[in-house]
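# Architecture at a glance
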Amino acid sequence: MRIMLLRNSLLTLCVSLSTAVAADSAVAPGAPGEPPFWSYSGKTGIGTSYEQYHNGAYSSDAATGQVSRVWFSLANGIVTETMFGLIHEAQLRAMQVVVKGPDFVDLEEADTTSETHYLSTDSEGRPTSLAYRLINRAKNGQYEIEKHIFTDPDSDALIMRVIFRSANPALEAYLHIDPAINNSGSGDHAFTERNALYAQEQETTLVVKASRDLELPTVGFAGVSDGLEELRKKGSLESRYTTTGSIPGNVAMMTRIPRTGDLSTIDVVVGFGRTRQAADQAADSTLQRGYEHVLAHYNGEGDAIGWQDYLASLTSLPTMRQQTTDNGKLLNVSAMVLKAQEDKTHAGALIASLSNPWGETVPATKGTTGYKAVWPRDFYQCAMALLALGDTQTSRVAFEYLKKVQVTKDTPPLQADGSAYIHEQKQESAQKSAESGATGWFLQKTHVDGTIEWVGVQLDQTAMPIMLGYKLWKNGVLSDNDITRWYREMLKPAADFLAQGGQVRLGWNDWTVKPPQTQQDRWEEQWGYSPSTTAAVIAGLVAASELATQAGDQEGAKSYLDTARRYSSRIESSMFTQKGVFGDKRYYLRITQNDNPDDGGMLLDNNSRPGLPENQILDAGFLELVRYGVRPATDTHIVNSLNVLDNQAIPENLRVKYTFTYPGVSGEFPGWRRYGNDGYGESETTGINYPATEEPVMNSELRGRVWPIFTGERGHYALALAKAQQPGGEKILSEDQLKGIRDTYVKAMELFANQGFMLPEQVWDGVGNNERHQYTKGKGTDSATPLAWSHAEYVKLVRSLSDQRVWDRYPVVSEKLQP
């Protein structure tokens, strides 16, 4: 009997082992998995290695050696979008720790409270590298997870040290990886091999390896057969799969982190490559070099060149720190954030943000750049900020890059879906090239390699490259010979377009541009006469006149200056209403479709908001007239418009100015929306996100919030006004005067930043339903963080205070516009 029982037991054991082996080798069911979405866009950190140029390009011949083309972001305590290749090519959507207890399954992003710190700081506590330490504490109090995150400067790899602390031996920690290879989450395959996890789309590969053997690796389809679903449904990895098979889909990967008592430490490396071999080599070489060596190189410690060296190269940074209220912490981070958001294949390509706005509700079934793309306007802000910091190399390389996104007779047909929308224009004739249309203007939005996305004409985006070139020349970054060459190759065609306009034909866009009337204003939504756009056009033409003189083009010099003066003479008559509906009824309009600002014409619908009469829509765009030198700060039209703009008794939907307070901080701090009736934000009634990938539903009560950039713009105006009001022509402001501006506008922008010193696109203004998001008033929403323009505006404001003159002001403009 005992022999029979033993035989049956052995047979049962053999069957069980056989079943386990079969389960481990089986193809995961459930293809293609649940629909994928991108990640939460309120980033608390972004990172990539610092690389130097070689002859104006990124190359292994530079002193920094091999170029690492990996970027990452952090949000809610976890690694979110991680890019490899071009800066918009996401390969990983999220990577986080999952904790299994006797009666719970926790996800870091939802079930912990998170702190963001920097691994490298100076003696004053200023961050000196984009290497992070995240501390995530369980809401149930049973564990703590510490993670150190950075990339390998010598390899296409991300390294994450995980330190798991818990006195409860029953807890298990798992690593969950959600790939999105080649910038989409629906065409991936996954498999395991020898304690490594792989995800692929075509040949592009992501591999996860570690400094210690990973346990129980498994792959599956998200929401159906992946390890997380197994833990949630069965409490253990009862079924494990080594491959997702031949059917592509939304895959996920999971593995258990080995525990060693109350404290467990493991270094996880994610390697990337265009082939599996390249990804393996990237991960293996990083593991071989090890955590300490890679971090030291990333930071720039010892003989290695890294982020600390970049900060040390910024000649203006030490003096500028004196005009901050946080001792330069945000300034240091802003410098690194601006540099980090540059592509490393196409040197100088500065993007708007390393995020997808409202990403967690944006489908990831196909590729999207989100804000990881080039807009010449945002680009100008960033290049000017880098120049303000003393980074003459990046600002020059960026300027030279702009030729890639200028429309010429050789500009190819539209290559993307052209999702811009203006007036009644539809996306017809999508393959129409620019060959038969006007040239010289700069594309609305492109990939960093120049691939066209949107083709609306925004005249400020054509003026700003001229302004940037002029600024680089006047600052000695471009020589006389340099600027003469660039004038002939790039800036003269741009100036000709600003002066003459023309019939644009590209993609859906078949439009006659008649400057200074613009097809789109700086918010890409309305056509007509815009004070902010016109300010840039005038400044660009005056700068072009100066460059034409330098290049020996006397005819061009006279034509551009005459045109600038003509545009300037018509500003008030075409854009300043005498028959408004607010205050004394006299103020600048945001935009007017014709040159009669008193006719009460209707604007277009925008972002779910029905169009309203133009005299009901206020914005601060007219301050650009002062910034660039087109009008003095004391101009009565400017002053009168500010009084109307700042009226907080205006109906809520049309109101622009808001004030904010912060616990433990004395005073109120100002902020402004883009314009009244702005709908680019969450719904006031339901809290739903802006539908970033489709046309928003009309009357869904979406609401654009306060943007930190306007606090910076207002700080620039406050400086210009203080200078203009100095008695007896005195040009030096007192410390008390500077302090007043610093403690209001600089400090406000520092308070808008989150714990990782990331500045958002928008902050919550306190209006509407907040149940879904639980936003904090005066802190970032889910729109896009960090926004490069926000950081650039902060940097430029600090530089302006340091110089006691507006950094973006072009003195030649006010001089040449004099009668």
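What counts and what doesn't
Residues numbered from 1 in each chain as written. Predicted model: local features only at pLDDT ≥ 70, side-chain atom pairs only at ≥ 80, totals over all residues. Heavy atoms only, no water. Helix = DSSP H or I, 4+ residues; strand = E, 2+ residues; numbered from the N terminus. Buried < 20%, exposed > 50% of the residue type's maximum accessible area, 1.4 Å probe, protein only. Contact = heavy atoms within 4.5 Å. Areas by Shrake-Rupley, 256 points an atom, 1.4 Å probe, with all protein chains shown as cover. Axes fitted to C-alpha atoms, helices over the stretch in contact; angles between N-to-C directions. Parallel < 35°, antiparallel > 145°, perpendicular 65-115°, else oblique. Left-handed = near helix turned anticlockwise from the far one by under 90°. Nonpolar A, V, L, I, M, F, W, Y, C, P; charged D, E, K, R; others polar. UniProt positions renumbered as here; feature names shortened; annotations may be inferred.

Naming follows an unreviewed UniProt entry, where the chain appears as Glucan 1,4-alpha-glucosidase of Pseudomonas luteola.

When you go through the chain residue by residue, the secondary structure sums to 21 helices and 27 strands. The dimensions of the chain, computed from C-alpha atoms along their principal axes, are 115 × 55 × 55 Å. Taking all 819 residues of the chain together, the buried fraction comes to 63%. For the chain, the proportion of contacts with a sequence separation of at least 24, taken over those separated by at least 6, is 71%. Carbon and sulfur atoms make up 48% of the accessible area of the chain, which totals about 28,300 Å².

Moving on: the packing of helix α8 (residues 329-340) against helix α20 (residues 788-803). Between α8 and α20, the least distance of the axes is 9 Å, while the angle of their chain directions is 130 degrees. For the element pair α8 / α20, the angle class is oblique. Of the two possible hands of crossing, α8 and α20 adopt the one that is left-handed. Where α8 approaches α20, its residues L330, L331, S334, V337 and L338 are matched on the opposing element by A788, H791, A792, Y794, V795 and V798. Residues belonging to the contact of α8 with α20 are distributed by class as follows: 9 nonpolar, 2 polar and no charged.

In this section: unusual backbone geometry. In this structure, P32 follows A31 across a cis peptide bond, with omega equal to 5 degrees. For P32, the position within the fold is in the loop between α1 (2-25) and β1 (45-47). Of note, the bond from T785 into P786 is cis; its omega dihedral lies within 30 degrees of zero at 0 degrees. Here P786 lies in the loop between α19 (735-752) and α20. The phi angle at N327 is positive, at roughly 65 degrees, despite the residue not being glycine.

Below, the discussion takes up the UniProt feature "domain: Glucodextranase N-terminal" (unreviewed entry) in the chain. In the numbering used here, UniProt assigns the feature "domain: Glucodextranase N-terminal" (unreviewed entry) to residues 28-311. End C-alpha atoms of residues 28-311 are separated by 48 Å, and the span's content is 14% helix alongside 42% strand.

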